[in-house]
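Reading the structure
If you want the building blocks of each chain, they are given just below.
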Amino acid sequence: MKTLLIDLLPYEHSTRTRKLGERLAAAGAICEAITLSQVGRVGIAGSQNDAVVDGVAVRKIATPTPAEGASTRTAIINLVRTYPKAIATLAWRAIRTPADAIVVGHMSLFWIGLAHHKRHGSKVLLNGRERPGGINTKGSLGTAFSRVEPAVLRRLSGIRDLAVVAACDGHADDFRALGLETLVARNAPAAAFRSDFVPTPDEDVVRVACVGSLYEGRGIELLIKATDAARAAGAQVVLEVTGRGGAEYVTALKNLAASCRHSDAIVFHGPCAPEEVPAAYHRVHVGTALYEAVDAANDSLSNKIFESVVSGRPVLAGNLSENRRFVREHRLGWVTDVTSEGLTNALLDIYARRAQLPGLAVAVHETSRAFSWETESAPVVAWVLGSSHLTDDEMETK
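Just so we're clear, the structure is a prediction, and the values are computed from it rather than from any experiment.

1. Some remarks on the pairing of strand 2 (residues 30–36)
The buried fraction of strand 2 is high, at six of seven residues. Judged from the six bridges that link them, strand 1 (residues 2–7) and strand 2 form a sheet pairing that is parallel. The partner of L5 across the bridge, within strand 2, is A33. Handedness of the β-α-β unit built from strand 1, helix 1 (residues 15–26) and strand 2 comes out right-handed. Of the strand pairs in this sheet, strand 2 and strand 6 (residues 56–61) are connected by six bridges, and their pairing is parallel. Within the sheet, the bridge partner assigned to I34 lies in strand 6 and is R59.

See below:
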């Protein structure tokens with residue numbers, strides 16, 4: 001059984017594609033991945049070299065450095081200069097690679113999956129990372145595709161051996177309403193991500209973490225302002241920011257923090273490797289998952305919730321429908337409107353309850369034992385590996 005995985009994101013940064021590849025390889029499939037080497041207006045770059053990662057043979061497509069920023073000009077530059085040749089090369093290599101199934105990590109590459117299906121009779125699994133039509137981020141090329149995505153997907157309904165894997169039940173309902181066979185795999189970390197419980201820092205200060213890629217829409221500016229306001233109101237709160245972002249945007253965040261009255265309460269740690277993420281949570285009391293409600297459809301269940309609680313820290317999540325339902329159902333922390341007032345009040349409330357944080361950390365770490373990518377992805381792996389039609393010679397074709 002051979003499976004091909006493709007994505008725009010470099011393989012090491014394409015979380016769901018990479019985790020699916022690892023599980024498929026562990027289940028005995030021969031796995032090959034083809035991705036770009038760098039992508040995005042926030043400067044997401046990976047290795048330029050081919051490698052074998054967790055049993056998956058990864059092939060990289062050399063990609064020019066994308067222009068960074070959130071302007072329309074940046075989007076046009078990347079559309080015209082950065083991506084055409086790289087995506088064409090990715091498509092050419094993918095379509096010429098025999099496989100029983102193809103996992104399409106970014107929905108905008110659906111056409112490559114269809115071409116592969118037509119040539120090789122392969123199964124096609126489309127990764128639905130957001131609700132269909134859910135991206136509405138200024139300067140993002142993904143926003144342009146998102147506007148036509150529901151109409152495109154509706155035309156794919158009825159295609160045999162094609163399915164979508166959604167990130168939560170609410171999104172799955174929308175994909176099914178478009179006529180698509182839909183599976184669900186929530187963004188829980190792999191079991192290897194889990195570490196032994198680390199107690200919260202023993203201090204009167206409450207430390208709050210923002211971990212992951214830094215870009216507009218994650219509520220970071222509002223969280224910086226709320227931290228400053230909470231300090232002004234007497235709460236000893238510190239915000240610790242860990243992650244990569246576009247140089248222009250990170251500079252703007254640091255300038256905003258420097259302009260605050262309590263600038264010493266905002267700390268920037270820079271990027272960290274995936275294996276260092278748990279440690280970024282261990283040095284704080286509370287994690288965050290504060291995506292702004294920039295569009296009613298952009299309400300995916302955040303993987304930051306899973307990261308935080310599996311690391312043994314309760315989470316402060318944005319008051320979006322999927323986050324709200326999950327956090328409240330499992331008693332994982334708090335939800336709040338991602339506004340200056342909402343975040344300030346939430347930080348003040350958490351500080352007032354600081355004596356409860358050590359016990360809550362223990363509780364969410366124990367609850368999170370039920371959350372693992374191995375469990376979430378099992379039905380998806382079963383669907384992909386349902387049958388094989390390639391000959392032995394084709395299985396060995398590179």
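There's plenty left to go through after this.
2. Description of the sheet that holds strand 6
The strand order 5-6-2-1-7-8-9-10 describes an open sheet built from eight strands, whose pairing is mixed. At either end of the open sheet lies a strand with only one pairing partner, and these are strand 5 (51–53) and strand 10 (181–184). Ignoring strand direction, the axes of neighbouring strands in this sheet form an average angle of 25°. Across the face of the sheet, helix 4 (residues 110–120) comes into contact with strand 1, strand 7 (101–104), strand 8 (123–128) and strand 9 (162–166) while running at roughly 175° to strand 7. Where helix 14 (residues 373–384) meets the sheet, its contacts fall on strand 1, strand 7, strand 8, strand 9 and strand 10, and the angle it forms with strand 8 comes to roughly 155°.

3. Some details on helix 8 (residues 247–258)
When the terminal C-alpha atoms of helix 8 are compared, their 16 Å separation across twelve residues agrees well with the 16 Å that a helix rising 1.5 Å per residue should span. Among the residues of helix 8, those classed as buried are Y249, V250, L253 and A257. Within helix 8, the buried residues cover an arc of 100° as seen down the axis, which keeps them to one side. Helix 8 presents A247, E248 and A258 as exposed residues on the side facing more than 90 degrees away from its buried surface. Summarising the contacts, the buried residues of helix 8 are in contact with helix 7 (220–232) and strand 13 (266–270).

4. Side note on the environment of V309
In this fold, V309 is placed in helix 10 (residues 303–310). Setting aside chain neighbours within four positions, we find V309 in contact with V315, L332, V364, H365, S368 and F371.

The rules behind these values
Residues numbered from 1 in each chain as written. Predicted model: local features only at pLDDT ≥ 70, side-chain atom pairs only at ≥ 80, totals over all residues. Heavy atoms only, no water. Buried < 20%, exposed > 50% of the residue type's maximum accessible area, 1.4 Å probe, protein only. Helix = DSSP H or I, 4+ residues; strand = E, 2+ residues; numbered from the N terminus. Pairing = 2+ DSSP bridges. Right-handed = clockwise from strand over helix to strand, strands pointing away. Axes fitted to C-alpha atoms, helices over the stretch in contact; angles between N-to-C directions. Contact = heavy atoms within 4.5 Å. Expected span 1.5 Å × (residues − 1). Arc of directions from axis to C-beta.

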